[in-house]
Amino acid sequence: MNNFSNILVTGGCGFIGANFIKYLFKEENFQGRVINLDCLTYSGNPENLSEITLQYPNRYIFEKLDINDFENVYKTVESNNVDLIVHFAAESHVDRSIHGPGQFVQTNIVGTFSLLEVVRKLDSMGRKIRFHHVSTDEVFGSLGSSGKFLETTPYDPRSPYSASKASSEMLARAYAHTYGIDITISNCSNNYGPYQFPEKLIPLMICNMIEGKNLPVYGDGKNIRDWLYVDDHCAAVWMIATKGRSGNTYNVGGENEWTNIDLLNSLCELTAELTNKPKNHFKNLIKYVPDRPGHDRRYAIDCEKIKIELGWKQSVDFEQGLKKTVEWYLANKNWIEHVKSGEYKHWMEKNYGAR
Ligand code: NAD
Ligand code: DAU
């Protein structure tokens, strides 16, 4: 098992990154420091880590930096003796990539390239750094009604988002192969849980229910996603970083497939129950809207490799995870208002009008 002293997390103010940093501070096998490098785009919120900032003033550092800023990222990695980089920072929303692919190329491809160059330069001076690249199952494309994505499934990205993630992953693989950099990669399915920006399906629907707005379902609502509670993804990333074989990719998934419409109906019932409303109260807000262009039909992950090799397994069942998630959003209306008050609000109005 690798022991790390100084972990640089990119994108630590976003949904999974913030949950990962909280996870690290609960992990008894880690007593080192965390440097959170995030440039705070619309989806990054440093408030997500305010408790960590107060509780661990000597072990937690926040650096407001863009991953594209080679010189300052280099200085940060070098001066903090970073021995592990966990790379979450990205533009992460498929719909945004359809409206504006340029930022996805800049952040996900060029930004990852710049980080890899930092590691390559330090490696050439004898400094050993493990680089864990956080990727997505979307790089594999779309499935029909049967089958699952394996680590060996050929890549077939179909949105600007997934193409940019596949490109960055290919760069990471090439750096491992050509320069011998110590790289691991994870390809995970759809995450859900606290702190997810309310543009993604589950938090968007919860927030719209709270506000009494329509619940927009793309196309026929029969597209399938495989849902995993965010803490289980964090545990998988930590296991791969500490115990995964260098140069390997690991699939991570919930083994929990839902059509969007079935998921939404359950979410409506659960939210009604938790807010003391009649069972069908929120279902009346469901509205079918035009489909997402190029909408992938089905994702499903085969995660036998990480289970067998590293002993990972999902620990939060879907009913329990959804309940925790809805309760968190109901208890954190100030957070919702805060993250929606800025650029996201204007972007939604410009691209989708009032829904
Ligand atoms: P998110 O949008 O919630 O967070 C992204 C974070 O990255 C934000 O804090 C943002 O400020 C930061 N960031 C963006 N551009 C940056 C830049 N140029 N420099 C520094 N920081 C920058 O995203 P998320 O859902 O937490 O996803 C995190 C990672 O996990 C992404 O790489 C994504 O592709 C991957 N992933 C996400 C899911 C999912 O279901 N959300 C599933 C599999 C993989
Ligand atoms: O599979 C992993 C990926 O999951 C991650 O790599 C991405 O970062 C993450 O955003 C997510 O991508 P999706 O496109 O699957 O997530 P999203 O929440 O945007 O959509 C989930 C499904 O719900 C998808 O089939 C589209 C549908 N949908 C989404 C929204 C926002 C709707 O029907 N209505 C909506 O308003």
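Sequence order sets the numbering: in each chain, residues are counted from 1 along the sequence as written. Naming scheme: in the order in which they are written, chains are lettered from A and ligands are numbered from 1. Note on the predicted model: pLDDT of at least 70 is required for a residue's local features to be given, and 80 or more for side-chain atom pairs to be given and counted; whole-chain, interface and lining totals, by contrast, use all residues. Neither water nor hydrogens contribute to the side-chain values; these are computed over all heavy atoms in the structure.

**A short note on the environment of Phe 30**
Moving on, step 1. Of note, Phe 30 is situated in the loop between helix H1 (15–26) and strand S2 (33–38).
Moving on, step 2. In this structure the C-alpha to C-alpha distance between Phe 30 and Ile 7, which are 23 residues apart in sequence, comes to 9.9 Å.
Moving on, step 3. Residues are treated as being in contact if the distance between any of their heavy atoms lies within 4.5 Å. Ignoring any residue separated from it by four or fewer positions in sequence, one finds Phe 30 in contact with Phe 4, Ser 5, Ile 7, Leu 24, Arg 59 and Trp 238. To qualify as a helix, a DSSP run of H or I must reach at least 4 residues; to qualify as a strand, a run of E must reach at least 2; elements of each kind are numbered from the N terminus.

**So, helix H12 (residues 333–340)**
Moving on, step 1. Within the sequence span of H12, burial applies to Trp 335, Ile 336, Val 339 and Lys 340. Down the axis, H12 shows its buried residues gathered within 120° of arc, on one side only. Opposite the buried face of H12, by more than 90 degrees, sit the exposed residues Asn 334 and Glu 337.
Moving on, step 2. On its buried face, H12 sits against helix H7 (201–211), helix H11 (318–331) and helix H13 (343–352). The rule is simple: take the accessible area with a 1.4 Å probe, protein chains only, and divide by the maximum for that residue type; under 20% is buried, over 50% is exposed, in between is partly exposed. This arc describes the spread of directions from the helix axis toward the C-beta atoms.

**Topic: the site of ligand 1**
Moving on, step 1. Note on definitions. A residue lies near a molecule or strand when any single heavy atom of the residue is within 4 Å of it. What surrounds ligand 1 is a group of 28 residues, the closest being Asp 38, Ser 43, Ser 92, Tyr 161 and Lys 165.
Moving on, step 2. Identification of polar contacts relies on pairs of N or O atoms within 3.5 Å, with a donor-acceptor requirement for protein atoms, meaning one able to donate a hydrogen and the other able to accept it, and with residues adjacent in sequence counted only if both atoms are side-chain atoms. A distance of 2.5 Å separates an oxygen atom of ligand 1 from a polar atom in the side chain of Asp 38.
Moving on, step 3. Within the backbone of Asn 191, an N or O atom sits 2.9 Å from an oxygen atom of ligand 1.
Moving on, step 4. When ligand 1 sits alone it has 850 Å² of accessible area, and the protein chains cover 96% of it. Only the protein chains shown count as cover for residues, and all accessible areas are computed by the Shrake-Rupley method using a 1.4 Å probe.

**So, helix H8 (residues 230–243)**
Moving on, step 1. With 14 residues, H8 ought to run about 20 Å at 1.5 Å a step, and its terminal C-alpha atoms sit 20 Å apart, in line with that.
Moving on, step 2. Buried within H8 we find Val 230, Asp 232, His 233, Cys 234, Ala 235, Ala 236, Val 237, Trp 238, Ile 240, Ala 241 and Thr 242. In this scheme, a helix's expected span is set at 1.5 Å multiplied by one less than its residue total.

**A short note on the site of ligand 2**
Moving on, step 1. What surrounds ligand 2 is a group of 25 residues, the closest being Asp 137, Tyr 161, Leu 201, Arg 292 and His 295.
Moving on, step 2. Residue Asp 137 places a side-chain N or O atom 2.5 Å away from an oxygen atom belonging to ligand 2.
Moving on, step 3. The contact in question runs from an oxygen atom of ligand 2 to an N or O atom on the side chain of Arg 225, over 2.8 Å.
Moving on, step 4. Taken together, the elements giving at least two residues each to the shell around ligand 2 come down to helix H4 (94–99), H7 and strand S8 (215–218).
Moving on, step 5. Lys, Arg, Asp and Glu make up the charged group, whereas Ala, Val, Leu, Ile, Met, Phe, Trp, Tyr, Cys and Pro make up the nonpolar group; the residues left over, Gly among them, are polar. Residues of the shell around ligand 2, tallied by class, amount to 10 nonpolar, 8 polar and 7 charged.

**Overview of the sheet that holds strand S4 (residues 84–87)**
The strands making up a sheet associate through hydrogen bonds between their backbones, and the pairing can be parallel or antiparallel.
Moving on, step 1. The pairing criterion is simple: DSSP has to find at least two bridges between the two strands. Read across the sheet, 7 strands follow the order S3-S2-S1-S4-S5-S6-S10 without closing on themselves; strand pairing throughout is parallel. Of all strands in the sheet, those with a lone pairing partner are strand S3 (60–64) and strand S10 (249–252), marking the two edges. The mean angle between the axes of side-by-side strands here comes to 20°, regardless of whether they run parallel or antiparallel.
Moving on, step 2. Taken strand by strand, helix H3 (residues 70–79) contacts strand S1 (6–10), S2, S3 and S4, and its axis lies near 175° from that of S2.
Moving on, step 3. Here helix H5 (residues 101–124) sits on the sheet and contacts S1, S4, strand S5 (130–136) and strand S6 (182–188); the angle it forms with S5, its principal contact strand, is near 165°. Note on definitions: angles span 0 to 180 degrees between N-to-C directions of axes, and those axes are lines fitted to C-alpha atoms, for helices only across the stretch in contact.

None of this, on its own, says anything about what the molecule does.
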